[in-house]
Amino acid sequence: MKKRTKYFKSLKFRIMVILIILGILPGIVVMGMVIQTYEKKAFDLRIGSIEDECGVLCNLLIKENYMNNSSSQAANSKLELLSDIYGGRILVVDRNYQIIQDTYHTDLGKVLISPEVLRCFKEGSSRYTRHEHTITLAFPVMSPEVQQPQGAMLMMISAGEIEDTVADLEQKGILIIGIIAVVSILLGFILSTILVKPFARVTRAIEDLTDGYQNEEISVPDYRETELITDAFNKLLNRMKVLDDSRQEFVSNVSHELKTPMTSMKVLADSLVGQEGIPEELYQEFLRDITAEIDRENKIITDLLTLVKMDKKAADINIQHMDINQLLEDILKRLRPIADKQKIVLILDSFRPVEADVDEVKFTSAISNLVENGIKYNVDEGWVRVTLDADHKYFYVTVADSGMGIPEDSLERIFERFYRVDKSHSREIGGTGLGLSITRSTIAMHHGAITVFSKEGEGTTFSVRIPLSYIP
Ligand SMILES: Nc1ncnc2c1ncn2[C@@H]1O[C@H](COP(=O)(O)OP(=O)(O)OP(=O)(O)O)[C@@H](O)[C@H]1O
Ligand SMILES: [Mg+2]
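Residues numbered from 1 in each chain as written. Chains lettered and ligands numbered in written order. Predicted model: local features only at pLDDT ≥ 70, side-chain atom pairs only at ≥ 80, totals over all residues. Heavy atoms only, no water.

Considerations on the site of ligand 1
For ligand 1, the set of nearby residues contains 20 residues, the closest of which are N373, Y377, D401, G433 and L436. Contact between ligand 1 and N373: an oxygen atom at 2.8 Å from a side-chain N or O atom of the residue. Summarising the interface, the protein chains cover 98% of the accessible area of ligand 1, which totals 590 Å² for the free molecule. With respect to the pocket detection grid, ligand 1 is positioned in the largest pocket. Of all elements in the fold, only α9 (360-376), α12 (435-445) and β12 (459-467) reach the threshold of two or more residues within the shell around ligand 1. Each residue belonging to the shell around ligand 1 can be placed in one class, and the counts come to 8 nonpolar, 8 polar and 4 charged. (Near = heavy atom within 4 Å. Polar contact = N/O pair within 3.5 Å; in protein donor to acceptor, adjacent residues only side chain to side chain. Areas by Shrake-Rupley, 256 points an atom, 1.4 Å probe, with all protein chains shown as cover. 1 Å grid on protein atoms, 1.4 Å probe; cavity = no way out; pocket = protein on both sides within 12 Å on 5 of 7 lines; lining within 4 Å. Sits in = over half its atoms within 2 Å of the grid points. Helix = DSSP H or I, 4+ residues; strand = E, 2+ residues; numbered from the N terminus. Nonpolar A, V, L, I, M, F, W, Y, C, P; charged D, E, K, R; others polar.)

Written out as C-alpha cells, the structure reads:
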C-alpha cells in the first residue's frame, strides 16, 4: 500500500497523467462538439423541410376552404401523403380546438389543447417541441390577407432517424477516444520514463558514492535542474570532507597533546627508577617536574571538556544582567600578579558605564584568555591595554598589547584548536592552543563577534563585540 502511494506521488506518474489528460481531453471536447453540431443541423434541416411542405399544404387548405368543410378530396389525400412520407401523424384543429382531421382516424371530433397549438394561435407562426423521440410541430392555417389563424395543423413525427445517426456517431466517437486513450497511455508511459531518467541517474550517482567519501564529484548535466542538484550535493560532499579532515586532525592533535606530558613523566620517573643513591634534592626536583606535567595534562583535559561542552549547541548559558566595568576590573585584578612577574602594566580604559547580559563565568574566562595571551606573548616591561565602549546596541571590548605580534599567515589560524604560531616557543611559554578557540566559541554563544589585528614585532589587538541584550 505504502509503495503504491509513493508511486502516485512520483514525478513520473504525474507527467504520465498530464500527458494522458492532454491527449484525451481535447478528443472528448472535439467529439462532443461535432456530435452536437450535427444533431442541431439535422433537426433544423428536418424542421425546415416540414415547414416548407406545411406551407404548400396550408395554401391548399385555404383554397379548398377546408376549415369549414373537411371533406376536400385533394386536401385529404395530400395530408395522408405527407404523413406517410414523414412516418408520422397529422391532425387538423379549428379555432375551437376541435380535431377536424386525423390521419390515424382515431381522435376525430375530439378537443385538443396542446401547448404547441396554443402558442401557434397566440403568435400566428409555427412552433415545435421535441419530446422523447418525437417532434411535435404546430403550423397555423391562415390566408395571407387575414393575419388571424383559422386553425392549425399538428404534426407528430418520429426523431428516431436522427437519434440513430447520433447514437452511431457517439459509438464511433467512443471508439476513437478509446484508441487515443490507449496511445496516450503508451506515449505517456514512454515519455515520462524518458523525462524522469536523469533524476534516477542522480540517485544512482549518489548511491554509488555512499561507500566512503571518494575524491570524485558527481555530475548529471542532462538538465539544468539535475545539474543544480548535483552541484549542491558536491558542495555538501566537500563540506563533509573538510569536516572529516578536521575531525581526524583534531583526534590526532588531542592524542599528541595528551601523550607529550605522559612521555615527560615517564622519562623523569624512569631516570629516578634506573639509578641508585640519588640525592634527595634531585628526587625533589624531578617530582616537582612530574607534578608540573600532571598540571599540564589536567589543563588540557579541562580545556577539551570545556570545548566539547560548548559544541553541544544549547550548552547551558547562564545569562545575567551585569556591570561590565566591574567584571573587567575584577579580571585585571586577578591577572595583575602574573603581569607583575614579567613587569607588564595592565591598563583599563573605560569610556562609559556599561551594563549588559552575559554569562559571568564564560565571559570572564573568554576575556581572561585574551589578557593572558597579551601577557604571555609580550616583551619585558611591555603593556596590555583593555578598553570598554558601547553604543545603543552593542558593547565593545578591545585587548591590545605591545608584544611580539602574530605573523600574517598565522592570523587566520589562531582560532583553530591546538594551533600555536611557534610551537617550540609557545611550549616554553606554556599553552595548549585551545584558549582562543574557547574564547571564540564563548563569544559566539553570546551572539557576538571577535576580530584580530596584529603586526609582527609591534603588538596585537583583539576586538570583541557583544549585543547589550541577549536574545535566545
Ligand atoms: N596576544 C598575542 N600575541 C602574539 N601571539 C598570540 C597572541 N595571542 C595568541 N597568540 C598566538 O596564538 C596562539 C593560540 O593562542 P591560544 O590562546 O589559543 O593558545 P595558547 O595561548 O598557546 O594556549 P592556551 O591559551 O590554551 O593555554 C598562541 O600560541 C600564540 O602563538
Ligand atoms: Mg592562550
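Focus: helix α5 (residues 160-209)
In a regular helix each residue adds 1.5 Å, so 50 residues correspond to 74 Å; α5 covers 72 Å between its end C-alpha atoms and thus fits that length. Taking the largest bend as the criterion, α5 deviates by roughly 40°, centred on K197, and proline P198 comes between one and four positions later. (Expected span 1.5 Å × (residues − 1). Bend = angle between axes of the 7 residues up to and from the residue.)

Details of the confidence of the model for the protein
Segments scoring low in pLDDT should not have their predicted coordinates read at a detailed level. In this model, the protein carries a mean pLDDT of 88, and residues with pLDDT of at least 70 account for 95%. Mean pLDDT across the elements of the protein bottoms out in helix α11 (residues 423-429) (60) and peaks in strand β10 (residues 394-401) (98). (pLDDT = per-residue confidence, 0-100.)

Observations concerning a nonpolar patch on the surface
On the surface, L175, I179, V183, L187, L191 and L195 cluster together to form a nonpolar patch covering roughly 520 Å² of accessible area. Assignment of secondary structure puts I179 in helix α5. (Patch = residues over 30% accessible without salt bridge, like charges linked within 9 Å, V, L, I, M, F, W, Y side chains within 5 Å. Salt bridge = Lys/Arg side-chain N within 4 Å of Asp/Glu carboxyl O.)

Describing the packing of aromatic side chains
Counting across every chain of the model gives 8 aromatic pairs. Seen in terms of ring centroids, F199 and Y223 are 6.0 Å apart; in terms of plane orientation they differ by 50°. Their pairing is tilted. With a gap of 24 residues between them, F199 in helix α5 and Y223 in the loop between α5 and α6 (224-274) connect regions that are remote in the sequence. When its relative accessible area of 26% is taken as the criterion, Y223 is described as partly exposed. Taking the centre distance of 6.4 Å and the plane angle of 55° together, the rings of Y394 and Y396 count as tilted. The class of Y396 is partly exposed, set by a relative accessible area of 29%. Pairwise contacts between aromatic rings join Y7, F8 and F13 into one cluster. Positioned above the aromatic ring of F121 is the side chain of R95, whose terminal nitrogen or guanidinium carbon lies 4.5 Å from the ring centre. The cationic tip of R417 hangs over the ring face of F250; the distance from NZ or CZ to the ring centre is 4.7 Å. (Phe/Tyr/Trp six-rings, centres within 6.5 Å; stacked < 30°, edge-to-face > 60°. Buried < 20%, exposed > 50% of the residue type's maximum accessible area, 1.4 Å probe, protein only. Lys NZ or Arg CZ within 6 Å of the ring centre and 35° of its normal.)

Digging into unusual backbone geometry
Not every positive phi belongs to a glycine, and Y97 is a case in point at roughly 65°. Looking at the element boundaries, Y97 is found in the loop between β1 (89-94) and β2 (99-102). Here Y97 falls in the partly exposed class, since its relative accessible area comes to 21%.

With respect to the sheet that holds strand β4 (residues 134-141)
With respect to topology, 5 strands assemble into an open sheet ordered β2-β1-β5-β4-β3, the strand pairing being antiparallel. Looking at strand neighbours, the two that pair on one side only are β2 and β3 (127-131), the edges of this open sheet. Across the sheet, the mean angle from the axis of one strand to that of its neighbour is 15°, orientation sign disregarded. Relative to strand β5 (residues 151-158), β4 runs antiparallel, the two sharing 8 bridges. Looking at the pairing, I135 lines up with I157 of β5. Those strands touched by helix α2 (residues 11-63) are β3, β4 and β5, and its axis lies near 35° from that of β4. Lying over the sheet, helix α3 (residues 73-85) contacts β1, β2 and β5, oriented at roughly 140° with respect to β1. (Pairing = 2+ DSSP bridges. Axes fitted to C-alpha atoms, helices over the stretch in contact; angles between N-to-C directions. Contact = heavy atoms within 4.5 Å.)

Regarding the layout of surface pockets
Of the volumes computed, that of the largest pocket is approximately 1200 Å³. For the largest pocket, the lining is made up of 50 residues, of which N369, N373, K376, G435 and L436 are closest to its centre. Contributions of two or more residues to the lining of the largest pocket are made by α7 (280-311), α8 (324-341), α9, β10, α11, α12 and β12. Looking at side-chain class alone, the lining of the largest pocket contains 20 nonpolar, 17 polar and 13 charged residues. When residues are assigned to domains, the lining of the largest pocket turns out to be shared by domain 2 (224-310) and domain 3 (317-467), each giving three or more. (Points joined across faces, edges and corners; volume = space filled by probe spheres on them. Domains from an automatic or database assignment.)

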